[in-house]
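Here are the chains, one letter per residue:
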Amino acid sequence: MPANRRTKWIAAGLLACLACLALAGCGKQEPDTATASANATPPPPAPPRVLVVGTDAAYTPFESQNEKGEIVGFDIDVVKAIAGKAGFKVKFVNTPWEGIFNALDQGDRDLLVSAITITAERRQTMDFSKPYFEARQLIAVRRDAQVARFEDLKAMKVGVQNGTTGDEVVGKLQGKSSGNIKRFESTPLALKELEAGGVQAVVADNGVVEHYLANNPGGGFKTVSDAAFPAEQYGIAVKKGNAELLARINKGFDDIKADGSYDKIYAAYFGSTLR
Ligand code: ARG
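Residues numbered from 1 in each chain as written. Predicted model: local features only at pLDDT ≥ 70, side-chain atom pairs only at ≥ 80, totals over all residues. Heavy atoms only, no water.

Considering the environment of G73
Now for step 1: One can find G73 in the loop between β4 (71–72) and α3 (74–86).
Now for step 2: Taking the C-alpha atoms as reference points, G73 and I265, separated by 192 residues in sequence, lie 9.6 Å from one another.
Now for step 3: Apart from the residues within four sequence positions on either side, G73 is in contact with P61, F62, E63 and Y269. (Helix = DSSP H or I, 4+ residues; strand = E, 2+ residues; numbered from the N terminus. Contact = heavy atoms within 4.5 Å.)

Shown next, in the form of structure tokens:
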């Protein structure tokens, strides 16, 4: 066959292949259910759905929004790494803490990562992954404050983020309905109020308080820790009963622990002193 005819044949062949591919592609998008059920060949697996992850992105270094509006942080990297191993895609959506558990329950979010402490009470309404981080409450006060232990906050104006474990412990100390507990929508707002002098102390998770102080060296604050604060464990939350997703998350978590990627993420945010 002359060279130019051969190229024509090859071109025609290629075109036919392309046409086949295009048809196959069309078929995928609009499956003919009648023939699909009559056929022995099962339909192709659905492309992995993008799971929507809710996070209250005002909790540096766990979750925050950068200048570009992207949600970043330790929790974000952990979930991305888990998703990579478990073979699902994720999309992070900034979700105010106030409505975050409801959003999960309503199905508006598939999972939550938000430095959420696993508590017995929360376990009643949602399911948690294996713990992925240990935390404790930590007190922030002015450097000249007469505060040596948590008890010293008994009669002080204390700022907390509404509905957090910080809110819970201060509620136990002062009584839930104490007028001295100032509840804020976010932890940064509580810390702003400490700066402004509207509250005398803030109680929040240690990682966040430490990060805040490190970034406000001129703020005139100090931290006060107290062994009386119980250890808290962060977990990834899924809708109650979503055992399939939970198993996938836990498996992905085991994988990132085993291959060192969890440790790398941890070191990037909290230094190389690994627990
Ligand atoms: N660990 C605390 C709790 O579960 C505070 C979490 C707040 N998280 C956030 N992203 N604002 O109550």
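Things to note about the environment of N250
Now for step 1: Position of N250 among the secondary structure elements: in helix α9 (residues 243–258).
Now for step 2: Exposure remark for N250: the relative accessible area of 16% places this residue in the buried category.
Now for step 3: Sequence-wise, N250 and P131 are 119 residues apart; in three dimensions their C-alpha atoms are separated by 9.5 Å.
Now for step 4: If sequence neighbours within four positions are ignored, N250 has contacts with S129 and K130. (Buried < 20%, exposed > 50% of the residue type's maximum accessible area, 1.4 Å probe, protein only.)

Digging into the packing of α3 against α9
Now for step 1: Packing of α3 against α9 leaves a shortest axis separation of 8 Å and a crossing angle of 100 degrees. When the axes of α3 and α9 are compared, the pair comes out roughly perpendicular. Every residue of α9 that contacts α3 at V78, A81, I82, K85 and A86 is listed here: R248, I249, G252, F253, D255 and I256.
Now for step 2: Here the contact of α3 with α9 is built from residues that sort into 7 nonpolar, 1 polar and 3 charged. (Axes fitted to C-alpha atoms, helices over the stretch in contact; angles between N-to-C directions. Parallel < 35°, antiparallel > 145°, perpendicular 65-115°, else oblique. Nonpolar A, V, L, I, M, F, W, Y, C, P; charged D, E, K, R; others polar.)

Some words on the pattern of salt bridges
Now for step 1: On inspection of all chains with the given rule, the structure shows 9 salt bridges.
Now for step 2: Of the charged contacts, one joins K85 and D259 as a salt bridge, the two residues approaching to 2.6 Å between their closest N and O atoms. On the criterion of sequence distance, the pair formed by K85 in helix α3 and D259 in the loop between α9 and α10 (261–270) is long-range, its members being 174 residues apart.
Now for step 3: According to the relative accessible area criterion, D259 is partly exposed, its value standing at 43%.
Now for step 4: Of the charged contacts in the structure, one is a salt bridge between D254 and K130, with a shortest N-O distance of 2.7 Å. (Salt bridge = Lys/Arg side-chain N within 4 Å of Asp/Glu carboxyl O.)

Let's talk about the sheet that holds β4
Now for step 1: Taken in spatial order, the 3 strands make up an open sheet running β2-β3-β4, and their pairing is antiparallel. For this open sheet the edge positions go to β2 (58–59) and β4, each flanked by a neighbour on one side alone.
Now for step 2: With 2 bridges connecting them, strand β3 (residues 63–65) and β4 associate as antiparallel partners. When the bridges of β4 are listed, S64 appears paired with V72. (Pairing = 2+ DSSP bridges.)

What to know about the environment of L246
Now for step 1: Residue placement: L246 occurs in helix α9.
Now for step 2: Residues L246 and F128, 118 residues apart in the sequence, show an inter-C-alpha distance of 7.5 Å.
Now for step 3: Leave out the neighbours within four places in its chain, and L246 touches D127, F128, S129 and V238.

Some details on α10
Now for step 1: Those residues of α10 not exposed but buried are Y262, I265 and Y266. Looking straight down α10, one finds that the buried residues subtend no more than 100 degrees of arc, so they occupy a single side. Exposed and facing more than 90 degrees away from the buried side of α10 are K264 and A268.
Now for step 2: At its buried positions, α10 is contacted by α3, β8 (133–135) and α9.
Now for step 3: G271, located one to two residues past α10, shows a positive phi value of around 85 degrees. (Arc of directions from axis to C-beta.)

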